[in-house]
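# Structural description and commentary
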Amino acid sequence: MTRVGAIDCGTNSIRLLVADVPAEGGHTDLLRRMEVVRLGQGVDATGRLAPEAIERTRLVLAEYAAQARELGATAVRMVATSATRDAANRADFERMVLATLGRAPDVVTGREEAELSFLGATGSVAEAAATHGLQPPRPPYLVVDIGGGSTEFVLGDAGGVIAARSVDIGCVRLTERHLHDDPPTAEQVSLTERDIRTALAEVTAEVPVRRAATLVGLAGSVTTVAALALDLPTYDSEAIHGSRIPVDDVRRVSADLLAAPRERRAASPVMHPGRVDVIGAGALVLRVLMDEFALPEVAVSEHDILDGIVLRLARG
């Protein structure tokens, strides 16, 4: 058993997982945390990470580093994704991480981000289905990780990744680009859909998505849509992980979120405060891709790139 830690620093949130990983089989979580720091604040418009965003991230990262040490993690890997790849001043961010964590972040390519997400998401899909009394989802899987700055599409099966593509249609990026009113206007939603469809055309040029037997959806936008579709009284990871949400429910939830004012979105008992402003765009990405690719349902996973990082770190 190897005890390791993983930190995923995305455009919207920074997350921690400390887990015990055996040589084979599933890992055991010791600690999972998520804090919204909005590292990608304004990066789509300016091309730079805002100093206040770097400072918000530093404060949370210091807590994560201390907790990983206290739990006895033998190694900690931090992966930074879309916002950092895009930033002209990424060296400022990397220096901050080195001083705070004791090692530099791995600013991974879109391809490696996709591979880690696929590894984490598919490692427990059969077990998750069984907890809901469902048949295991069938491969090939199309794993979709909707982030703040980008969305990863990975097609794969038991043999690993077949093809992958990362495109810049994250929920923070699209909100800042188009969804300026509250709630957004029909024209703003239409412009967002246009950008999503343009990006999906880039995906299909590289990823044979029509081969997929199962859509597996990851990250906060997908899990929040699932919680709303399931009408949960509170956010319940066990109820969400492994659930199957039909496309009609995704359409309904997406339309409701885009029509609702901020106060109503914030009042939902399953809504994380940091997702209130960007959930409409995230739900729209999920709805449009399911319609474009004619996918009847999404299998929802609470396991994602964090789980992939700990598995790869522990097992090589």
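Structural notes, computed from the coordinates. All of these numbers come straight from a predicted model, not from anything done at the bench.

## Structural notes on empty space enclosed by the protein
Leftover empty space is mapped by rolling, across the atoms, a probe with the size of a water molecule. The tally for this structure, following the rule as stated, stands at 1 cavity of 30 Å³ or more. As a volume, the largest cavity reaches approximately 80 Å³. Every residue lining the largest cavity is listed: Ala-121, Val-125, Ala-128, Ala-129, Pro-137, Val-216, His-241, Gly-242, Arg-244, Ala-299, Val-300 and Ser-301. Where the lining of the largest cavity is concerned, the elements lending two or more residues are α6 (125-131) and β11 (297-300). The dominant element in the lining of the largest cavity, judged by the number of residues it contributes, is α6, at 3 residues. Here the lining of the largest cavity is composed, by residue class, of 8 nonpolar, 3 polar and 1 charged.

## Points about the packing of aromatic side chains
Evaluation of the coordinates by the stated rule reveals 1 aromatic pair. Ring centres 6.4 Å apart and planes at 80° place the aromatic pair Phe-153 and Phe-293 in the edge-to-face group. A residue pair is termed long-range when its members are at least 10 positions apart, and Phe-153 in strand β7 (residues 151-157) and Phe-293 in the loop between α13 (279-292) and β11 qualify at 140 residues. Look at Phe-153 and you get buried, because its relative accessible area is 0%. On the basis of relative accessible area, Phe-293 is assigned to the buried category, the value being 7%.

## Some points on the layout of surface pockets
In this structure, the largest pocket spans a volume of roughly 790 Å³. Lining the largest pocket are 40 residues; nearest its centre among them are Arg-15, Met-34, Gly-220, Arg-275 and Asp-304. Within the residue set of the lining of the largest pocket, elements represented by two or more residues are β2 (13-21), β3 (28-36), β6 (141-146), α9 (219-229), α10 (237-240) and α14 (305-315). Of the residues that constitute the lining of the largest pocket, the class distribution is 9 nonpolar, 19 polar and 12 charged. Here the second largest pocket is characterised by a volume of approximately 360 Å³. Lining the second largest pocket are 17 residues; nearest its centre among them are Leu-119, Gly-123, Ser-124, Leu-311 and Arg-315. The element best represented in the lining of the second largest pocket is helix α5 (residues 110-122), accounting for 5 residues. Residue classes in the lining of the second largest pocket are distributed as 4 nonpolar, 9 polar and 4 charged.

Rules behind the numbers
- Residues numbered from 1 in each chain as written.
- Predicted model: local features only at pLDDT ≥ 70, side-chain atom pairs only at ≥ 80, totals over all residues.
- Heavy atoms only, no water.
- 1 Å grid on protein atoms, 1.4 Å probe; cavity = no way out; pocket = protein on both sides within 12 Å on 5 of 7 lines; lining within 4 Å.
- Points joined across faces, edges and corners; volume = space filled by probe spheres on them.
- Helix = DSSP H or I, 4+ residues; strand = E, 2+ residues; numbered from the N terminus.
- Nonpolar A, V, L, I, M, F, W, Y, C, P; charged D, E, K, R; others polar.
- Phe/Tyr/Trp six-rings, centres within 6.5 Å; stacked < 30°, edge-to-face > 60°.
- Buried < 20%, exposed > 50% of the residue type's maximum accessible area, 1.4 Å probe, protein only.

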